[in-house]
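# Survey of secondary and tertiary structure
The primary structure of each chain is shown beneath.
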Amino acid sequence: MKKTNNRIRLFYFAATLMLFFTLSCGEKPKETVQEDATEAVQDETPVFFKLSLAQWSLHNAIREEGMSPLDFAQKASELGFEGIEYVSQLYKEELKKDENPAVAMELMLKTLKEKSKTYNVKNVLIMVDEEGDLATLNDEERAKTIENHKKWVDAAKYLGCHSIRVNAKGVGTAEEVAAAAVKGLTALSQYAATQGINVLVENHGGYSSNGEWLASVMKTVNMPNCGTLPDFGNFCLTEGYGSINSKECDDPYDIYKGVAELMPYAKAVSAKAYDFDENGNQPKIDFTKMLQVVKDAGYSGFIGVEYEGSNLEEIEGIKATKNLLLAAAAQVK
């Protein structure tokens, strides 16, 4: 009986060992395949920048098609973006929902913050417009403009953004407007520094669409939290907001030279896109060449997709711009 029991024990022990080795050997190849697949996916992603969506890409949907600007985080998440860039002027109606603008702002920001957490997107920055000219030669008007921008600095801090984007607009000679811009940007940046926020100037028409002029302003301000947001397409010196796509643009600045001049001060970048050709490219902007300029500058932050074309619906234009960026990134050295 003892011998029989020992044989039974020996049989079960051998069977257990066989089962153990069979399962172990069967799992190993799966782990290797999974790791190889992950590495392959990582190789296909843009390693030197992150993707954000500029809310202006959806301005028609918001203004004309009933999309709530409060749903921006959800839409960006659905489109596969990691970060979002708000546009202040698209929230005018939200800021009228209480007699007290400060209360309306608080309610709006609370909703935006909650939604960004729900949809797991990073609040990158706020593009601030229609709050006055920071480079006006009138001291009183400039002081008022600086005050108008402060609430957006506070909003950016609450949302967890790293910056607000502003415009350096003014009327006068290049030298006069530059001097006024230095005063306005310095004062606003001093306040923003107390809140841990950057103040970024976009090339957005007038003198600011001259890369050399704006770089000179940055050099004179010389503050770590005052920088630029180079836009791929806003380098027209005569058109209102600097769009090289405008029929009124007859003297565009060299867009590659301009971006290169602004990159040393850049804390964000805007990948502007207009109408696409049949091959999915931008006739007026070589994205591969532009991304090479960005990479050569050592930039590794967010690049915001900003579609302004008319031959694709906004959602399709956003997708096409994103795809072009990823394809161009694969060509950059």
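Please read these numbers as outputs of a predicted model, since none were measured by experiment.

### Description of the overall build of the protein chain
- Within the protein chain, the secondary structure is distributed over 10 helices and 8 strands.
- In the protein chain, which comprises 333 residues, the share counted as buried stands at 47%.
- Of the contacts made within the protein chain by residues no fewer than 6 positions apart, 77% connect residues no fewer than 24 positions apart.
- Of the roughly 17,200 Å² of accessible surface on the protein chain, a fraction of 52% belongs to carbon and sulfur atoms.

### What to know about the side chain of H149
- When you line up the elements, H149 lands in helix α5 (residues 139-159).
- Polar contacts involving the side chain of H149 include one to the main-chain carbonyl oxygen of T145, which spans 2.8 Å.
- Discounting chain neighbours no more than four positions away, the residues touching H149 are V128, E131, G132, L134, I164, V166 and L188.

### A look at the side chain of D129
- Tracing the sequence through the fold places D129 in the loop between β3 (122-127) and α5.
- One polar contact links D129 to N167, side chain to side chain, over a distance of 3.0 Å.
- When sequence neighbours within four positions are dropped, the list of residues in contact with D129 reads V87, S88, Q89, R165, N167 and H204.

### Here we look at the pairing of β3
- The buried count for β3 comes to 5 of 6 residues, which makes it a mostly enclosed element.
- As defined by bridge partners, strand β2 (residues 83-87) adjoins β3 across 5 bridges and the pair is classed as parallel. Looking across to β3, one finds that G83 is bridged to K122.
- In this fold, the crossover linking β2 to β3 by way of helix α4 (residues 101-118) has right-handed handedness.
- Regarding the hand of the β-α-β motif, the stretch spanning β3, α5 and strand β4 (residues 163-166) is right-handed.

### Some details on the state of the cysteines
- Scanning the entire structure with this criterion turns up 1 disulfide.
- Disulfide partner of C236: C249, at an S-S distance of 2.2 Å. Disulfide C236-C249: the torsion about the S-S bond is 120°, which places it as right-handed. Taken together, the residues C236 in the loop between β6 (226-229) and α8 (255-262) and C249 in the loop between β6 and α8 connect sequence positions 13 residues apart. Residue C236 shares its accessibility class with C249, and that shared class is buried.

### A short note on the nonpolar core
- Counting residues in hydrophobic clusters, the biggest one holds 95 residues, and the most contacted among them are I126, I164, L185 and L291.
- Broken down by element, this core gets its largest block of residues, 7 residues, from helix α6 (residues 174-194).
- Leaving out residues up to four positions away in the same chain, L291 has contacts with F48, F49, F232, I303, L325, A328, A329 and V332.

### Focus on the packing of α8 against helix α9 (residues 287-296)
- Put simply, α8 and α9 touch, their axes get as near as 9 Å, and they point 20° apart. By the angle between their directions, the pair α8 and α9 is classed as roughly parallel. The chirality of how α8 crosses α9 is right-handed. Every residue of α9 that contacts α8 at I255, Y256, V259 and A260 is listed here: K289, M290, V293 and V294.

Criteria and thresholds
- Residue positions are given per chain, counting from 1 as you read along its sequence in written order.
- At least 70 in pLDDT is required for a residue's local features to be given in this predicted model, at least 80 for side-chain atom pairs to be given and counted, and no such filter applies to totals for whole chains, interfaces and linings, which use all residues.
- The basis for every side-chain value is the complete set of non-hydrogen atoms in the structure, without hydrogens or water.
- Numbering of helices and strands runs from the N terminus; a helix is a DSSP stretch of H or I covering at least four residues, while a strand is a stretch of E covering at least two.
- Burial status follows relative accessibility: with a 1.4 Å probe on protein chains alone, a residue under 20% of its type maximum counts as buried, one over 50% as exposed, and anything between as partly exposed.
- What makes two residues a contact is simply this: any of their non-hydrogen atoms within 4.5 Å.
- The protein chains shown are the only cover counted for residues, whose accessible areas, like all others here, come from Shrake-Rupley with a 1.4 Å probe.
- Any N or O atom pair separated by 3.5 Å or less is treated as a polar contact, with the protein-specific requirement of one donor-capable and one acceptor-capable atom, and with residues adjacent in sequence counted only for side-chain atom pairs.
- Two strands make a pair as long as DSSP finds a minimum of two bridges between them.
- Crossover handedness is defined by viewing with both strands directed away from the observer: a clockwise path from the first strand over the helix to the second marks the crossover as right-handed.
- For this text, the term disulfide refers to a pair of cysteine sulfurs within 2.5 Å.
- Among buried residues, those of type Ala, Val, Leu, Ile, Met, Phe, Trp, Tyr and Cys that are joined through side-chain atoms within 4.5 Å constitute a nonpolar core.
- The convention used is that axes are lines fitted to C-alpha atoms, helices contributing only their stretch in contact, and that angles between N-to-C directions extend from 0 to 180 degrees.
- Angles below 35 degrees are treated as roughly parallel, those above 145 as roughly antiparallel, those between 65 and 115 as roughly perpendicular, and all remaining angles as oblique.
- For any helix crossing, the convention is left-handed if the near helix is rotated counterclockwise from the far helix by under a right angle, and right-handed if that rotation is clockwise.

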